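Chains, contacts and geometry: an overview
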Amino acid sequence: MVVTDSSDSGTILRVRGPLEFKCQLDSTDALLMQKVISRTFAALHSQVKSESCVLTVCDSSLIIWPNKGVYVTPEEITPNTLCEDIHQWIQTDEQESAGKRSSKKKNKKSSSASVINLCLMMEVTKTGPLSAPILRRTLQKSHFLSTTLPMDCVVRTTCSDTIKDAFERLLEALTHQLCEMEKVTLQHMKGATLLVPEPLHFLLPEPKGLVTVVYPAGVPDSQLETHRKELHQQFELPDDWPYFRRVNAFHFSNEPYKDGYLRNPHMVLTHPTLDNGKVYLVQGIYSYHHYMQDHMDDNGWGCAYRSLQTICSWFTQQGYVERAVPTHREIQQTLVDVGDKQGSFVGSRQWIGSIEVQVVLNQLLEVTSKIMFVSQGSELASKGRELANHFLTEGTPIMIGGGVLAHTILGVAWSETTGQIRYLILDPHYTGAEDLQVITDKGWCGWKGPDFWDQTAYYNLCLPQRPKVI
Amino acid sequence: MGRSYIVEDAVEGCLSKLCEQKAGSVTGLLLGQSSPQRDFVVMATRTPPREETPAGNPVDKEWVSEHARQVSRMLPGGLAVLGVFIITDTEAKDTLTILRQLVFAVESLVSSEQLWSPAEDDVSDCVALHVNRKTRKTFCRTFDVKDPKSTAKPADWRYQAGVSASWSTVSCCLHVDLLVPLPDNKTDPENMDTCLKEELRGWARRLESGVCLVDGRKLAEDAELPGGQKRNVRQTYTAQILVTPGAQGLAEEQQRCGGSVCVRGAVHSRAYVHSNKPKARLAQKLLKRDAVSTVTTRVQMLLEELLTSEDENKGSSKQKRELFCLPHRVFCPLKASGPLCVCDYQFSDESVCEVTERLKEMLDIDAAEEDLDSSQEAPGQIPEREVGAEPTVETAVALEPKRNSFVGVAMATAAALLATAASILYLNDV
């Protein structure tokens, strides 16, 4: 495991690159096979430590030879240049649209630490003259193994780190990762089959920061529990919240999610400050589900379904379940399967409520939920303590249904002394595109006061309970 | 509007001399560099006379193409076979058909050996020059070899002194390290050829997408080579090539194999770039292609030799481990052509005079031994004991094949390795 130092500011350097792994196993004896594997890894070590190893900064003309006294080209940059200055050399699309940035930025927080991406490359040219090539033919019946090691290392730098410091640490990270990969490969070898060791990064609570773990590809999370237990012990993490499932891997800000949904739109909001008040928020990651997504026109009737989808996404993204977010049809079918609805329910546009949400969560995800009932909306103002406790202990999004509307509650700002309360609401009635700016500007994800609720209608809240596992 | 060929003065002299020969047609190749705006011809070389057939016989397509294939192997990056010429008594309109056949046959055979992928900005027009023996008049036309139905287009043919005098040279010393499994029971040279070709294609792709530094700097794609503004000054540049050391997204593969082939060592790679505001992108493309060609050519040559020797010895040697030296590259300057050189490959058991003989036979160049430059590469050395070898006893046998002359090689390998090419020639009888 590589633990990076944490700090408030600073840049993350991330180097990625494929390393070719080729070897011949001419014996089925386990020990001999291990020797060959280790020898191949040793050759890769030499490659990475050699003068031919090169790190290039993506989208720039910067090239660094970390093993040649950290030699840099172009010459304007030296090993003693600050890491931060690398940003100036990177061409980004934003540079063109800098003038168009919205002036409404004051309500938004800046995103997480910036990332500089680097590519691991090898220089294949050398100073000649050298010897012409030799062709060697070996006749030996054997198993030929060929794969690619997906190197992926991160190093967090502070504002005072020079290129020399940072790149020496990157080299250490690369060699360390090779060692980890060798361990994982040897551990999970089955006969002559190799499992590709995959590095993943996990963001642990400060001050631990980003941590890199190598897992064998193809081995599901369920079989890696022992490994995760060791990690939890090593990092002194609680044993009832998953940190090291594959889906918990840290998502770098410059990579869009493949499925196109927004994640945690609430993070860019400025949270309300109440006298003696505290903010209690959903923990972890969810994706925003709302009307009209997935080519499904559920405008006017699907709000509770969407809230349920948001909740399901939370359980998937924390790694508690490995199923995709259910469609409207799947939700309806589930209710029919448990006998809660008639067969004609499937394909209809009938509403569902918090009880149905509870049933589906139980049936599909094996998640239990508590139901909270308020006989009139005005009572919600007094539920501050219970909601705060929920976000502290469970941290799951809450579905609230009442009157004719359903919403998702992502957090609460509550003052114990004054009783003031605000609710962080994620509104499933939004029908537009996944535009973070619009969604937050127009309040589709935003803080609401107690008057947001229909003061006379009754409300049911579904509070999903998270499983206490890693 | 047709293409424009700027031709070295020396080529005129060469063609004139060929006009003085006895009756019958004389064919040959035109060598140089293409660019989108115009083409440069720096050399003409006649088709070597065939031993069995006396002069005056009809033109032999196969022979001309084979000559082109051999000559292509002797051209560093930036130089290529641009087309063919024919010197004859007949009228220009009568040679159109045979010229067309020659152009397509040559292009087909030469490109079949190339493992690098064609680029969009490659020029696909080839020149067909007709020279009237008596009047010395030239008729220059081009064919688009990408279009099998293309017709002749007239082109400009203009002589000029010092065409390549201020061409730039980009070079580097490139390390090669390939390891390929051989299928079970198929470890003969033919299969080695197939497997190595596949691996070399992948290596070529990696080189193509690699980053190329010129004199230590990464240049923008559209940038011109630095210092290119200085006229009449020859520029030399040293290049560095960085590649991704693995293929992205390749799944883990395992296969049973009967052995493996490893090619390891370094090659000197070089490309010449015209002096008409050349772009860095062109220099990089030509250099990378030369790198691929030089490794491919040497592997081909070695395997051709192995195939011949194994045929003769009936039954291949079944030694567990064999090492062969690939030939090293030797350069020969083209007099009166600025910085340009052609090259040849010398096996470790050959003498320098065999190189000069081949230069004479293929390119009609009279080179003295002192003219040759073999300093760019050291001959391959077979180590006493390989580093990191397994502790089992190995027999490191250095089989150093003898190079046959052009004629011998052509006859022997035509059947084995040119089978495909030959069928292309016959099938595409236009």
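Calculation rules
- Counting restarts for each chain: residues are numbered from 1 in the order of the written sequence.
- Chains carry letters from A onward and ligands carry numbers from 1 onward, assigned in written order.
- Selection of residues for local features in this predicted model requires a pLDDT of at least 70, selection of side-chain atom pairs for listing and counting requires 80 or more, and totals for whole chains, interfaces and linings are taken over all residues.
- The side-chain figures draw on all heavy atoms in the structure; neither hydrogens nor water molecules are used.
- Each helix is a run of H or I in the DSSP string that is no shorter than four residues. Each strand is a run of E no shorter than two, and both are numbered from the N terminus.
- Buried means the residue's accessible area, taken with a 1.4 Å probe over protein chains only, is under 20% of the maximum for its type, while exposed means over 50%, and partly exposed covers the values in between.
- In what follows, residue pairs with any heavy atoms lying within 4.5 Å of each other are defined as contacts.
- To be clear on the numbers: accessible area is Shrake-Rupley with a 1.4 Å probe, and residue cover counts the displayed protein chains and nothing else.
- Exposure above 30% relative accessible area and the absence of a salt bridge qualify a residue for a patch, where like charges join within 9 Å and nonpolar side chains (Val, Leu, Ile, Met, Phe, Trp, Tyr) within 5 Å.
- One side-chain nitrogen of Lys or Arg within 4 Å of one carboxyl oxygen of Asp or Glu is enough to make a salt bridge.
- Two aromatic rings, drawn from Phe, Tyr or Trp (for Trp, its six-membered ring), form a pair once their centres lie within 6.5 Å of each other, and the interplanar angle then sorts them: stacked below 30 degrees, edge-to-face above 60, tilted otherwise.
- The rule is short: NZ of Lys or CZ of Arg within 6 Å of the ring centre and within 35 degrees of the ring normal puts a charge over the ring.
- Note on terminology: a nonpolar core comprises buried Ala, Val, Leu, Ile, Met, Phe, Trp, Tyr and Cys residues joined through side-chain atoms within 4.5 Å.
- Strand pairing is assigned whenever DSSP detects at least two bridges linking the two strands.
- To obtain an axis, a line is fitted to C-alpha atoms, over the contacting stretch when the element is a helix, and the angle between two such axes runs from 0 to 180 degrees between their N-to-C directions.
- UniProt positions are given in the numbering used here, feature names are shortened, and annotations may be inferred rather than shown by experiment.
- The term buried area refers to how much accessible surface (probe radius 1.4 Å) is lost by two components on association, counted for both of them together.
- Polar contacts, as used here, are pairs of N or O atoms within 3.5 Å; protein pairs need one atom able to donate a hydrogen and one able to accept it. Residues neighboring in sequence count only if both atoms are side-chain atoms.
- For the purposes of this analysis, a disulfide is any pair of cysteine sulfur atoms at a distance within 2.5 Å.

Thoughts on the overall build of chain B
- Looking only at helices and strands, chain B has eight helices and 17 strands in total.
- Split into buried and exposed, the 430 residues of chain B put 52% on the buried side.
- Within chain B, contacts between residues at least 6 apart in sequence are counted, and of these 76% link residues at least 24 apart.
- Counting every atom, chain B has about 19100 Å² of accessible surface; 51% of that belongs to carbon and sulfur.

Structural notes on a nonpolar patch on the surface
- Among the surface-exposed residues, W351, V404 and L405 of chain A lie close enough to one another that they form a single nonpolar patch of about 320 Å² accessible area.
- Tracing the backbone shows L405 of chain A in strand β14 (residues 405-415).

Remarks on the packing of aromatic side chains
- On inspection of all chains with the given rule, the structure shows 20 aromatic pairs over all chains.
- Ring geometry for F235 of chain A versus F244 of chain A: centroids 6.1 Å apart, planes at 35°, classification tilted.
- Residue class for F244 of chain A comes out buried when judged on its relative accessible area of 0%.
- Aromatic rings pair up to connect F202, Y215, F235 and F244 of chain A into one cluster.
- Over the aromatic face of F345 of chain A sits the side chain of K341 of chain A, whose NZ or CZ is 5.6 Å from the ring centroid.
- A cation over an aromatic ring shows up here: R270 of chain B above the ring of F331 of chain B, its NZ or CZ 3.8 Å from the ring centre.

Thoughts on the nonpolar core
- Core analysis: the biggest nonpolar cluster contains 90 residues, and L359 and L363 of chain B have the highest contact counts within it.
- At 13 residues, helix α5 (residues 280-312) of chain B tops the list of elements feeding residues into this core.
- Aside from chain neighbours lying at most four places away, what touches L359 of chain B is M74, C332, V342, D364, I365, A367 and L372 of chain B.
- The next biggest cluster of nonpolar side chains, apart from the first, holds 74 residues, and it includes Y215, I331, A457 and Y459 of chain A.

Some words on the sheet that holds strand β6 (residues 138-144) of chain B
Residue and element names in this part refer to chain B.
- As summarised here, the arrangement of the eight strands in space is β7-β6-β5-β4-β2-β3-β1-β8, forming an open sheet in which the pairing is mixed. For this open sheet the edge positions go to β7 (153-154) and β8 (156-160), each flanked by a neighbour on one side alone.
- Two strands pair when backbone bridges link them, and strand β4 (residues 80-88) and strand β5 (residues 125-132) are joined in this way by six bridges, in the parallel orientation. Note on β5: the bridge partner recorded for F85 is L129.
- Sitting on the sheet, helix α6 (residues 352-363) is in contact with β2 (26-34) and β3 (39-46), with an inclination near 105° to β3.

Here's the deal with the pairing of β2 of chain B
Residues and elements named next belong to chain B.
- Across the nine residues that make up β2, a large majority, eight, are buried.
- Of the pairings in the sheet, the one linking β2 to β4 comprises seven bridges and is antiparallel in character. By the bridge assignment for β4, T27 is matched with I86.
- Bridge count for β2 against β3 is seven bridges, and the pairing is antiparallel. Across the sheet, the residue bridging to S34 is D39, located in β3.

Let's talk about the pairing of β3 of chain B
Residues and elements named next belong to chain B.
- Counting buried positions along β3 yields eight of eight residues, so the element is predominantly enclosed.
- Here strand β1 (residues 4-8) pairs with β3 via three bridges, running parallel. Bridged to I6 within β3 is F40.
- Hairpin remark: β2 followed by β3, antiparallel, with four residues in the connecting loop.

Describing the UniProt feature "domain: UFSP1/2/DUB catalytic" (unreviewed entry) in chain A
- Residues annotated in UniProt with the feature "domain: UFSP1/2/DUB catalytic" (unreviewed entry) correspond here to residues 278-462 of chain A.
- Between the end C-alpha atoms of residues 278-462 of chain A there is a gap of 23 Å, over a span that is 29% helix and 22% strand.

Focus on the interface of chain B and chain A
- Facing the 77 residues of chain B at the interface are 51 residues of chain A.
- Carbon and sulfur atoms make up 52% of the area that chain B and chain A hide from each other, which totals about 5400 Å².
- Counting across the interface, chain B meets chain A through five salt bridges.
- For the pair chain B and chain A, the interface holds 33 residue pairs in polar contact (both at pLDDT 80 or more).
- Mapped onto the side of chain B that touches chain A, the elements with two or more residues apiece are β9 (168-182), α4 (189-208), β10 (211-214), β11 (217-218), β12 (236-243), β13 (253-273), α5 and β14 (321-325) of chain B.
- Here the side of chain B that touches chain A gets 15 residues from one element, more than from any other, and that element is β13 of chain B.
- Pairing of strand β8 (residues 134-157) of chain A with β13 of chain B involves eleven bridges; the strand directions are antiparallel. Its bridge partner being in β13 of chain B, H143 of chain A is matched across the sheet by R256 of chain B.

Looking at the state of the cysteines
- Under the definition given, this model contains zero disulfides over all chains.
- Distance from the sulfur of C159 of chain A, which forms no disulfide, to the nearest cysteine sulfur (C83 of chain A) is 11 Å.
- Free cysteine C19 of chain B: the closest other cysteine sulfur is in C14 of chain B, separated by 9.6 Å.

Considering the pattern of salt bridges
- Scanning the entire structure with this criterion turns up 45 salt bridges over all chains.
- The salt bridge involving D221 of chain A is made with R246 of chain A; its shortest N-O contact spans 3.3 Å. Of this pair, D221 of chain A sits in the loop between β10 (209-216) and α4 (225-234) while R246 of chain A sits in the loop between α4 and β11 (277-281), and the two are 25 residues apart along the sequence.
- Residues joined in a network through salt bridges with shared partners are E66, R69, R73, E113 and E304 of chain B.

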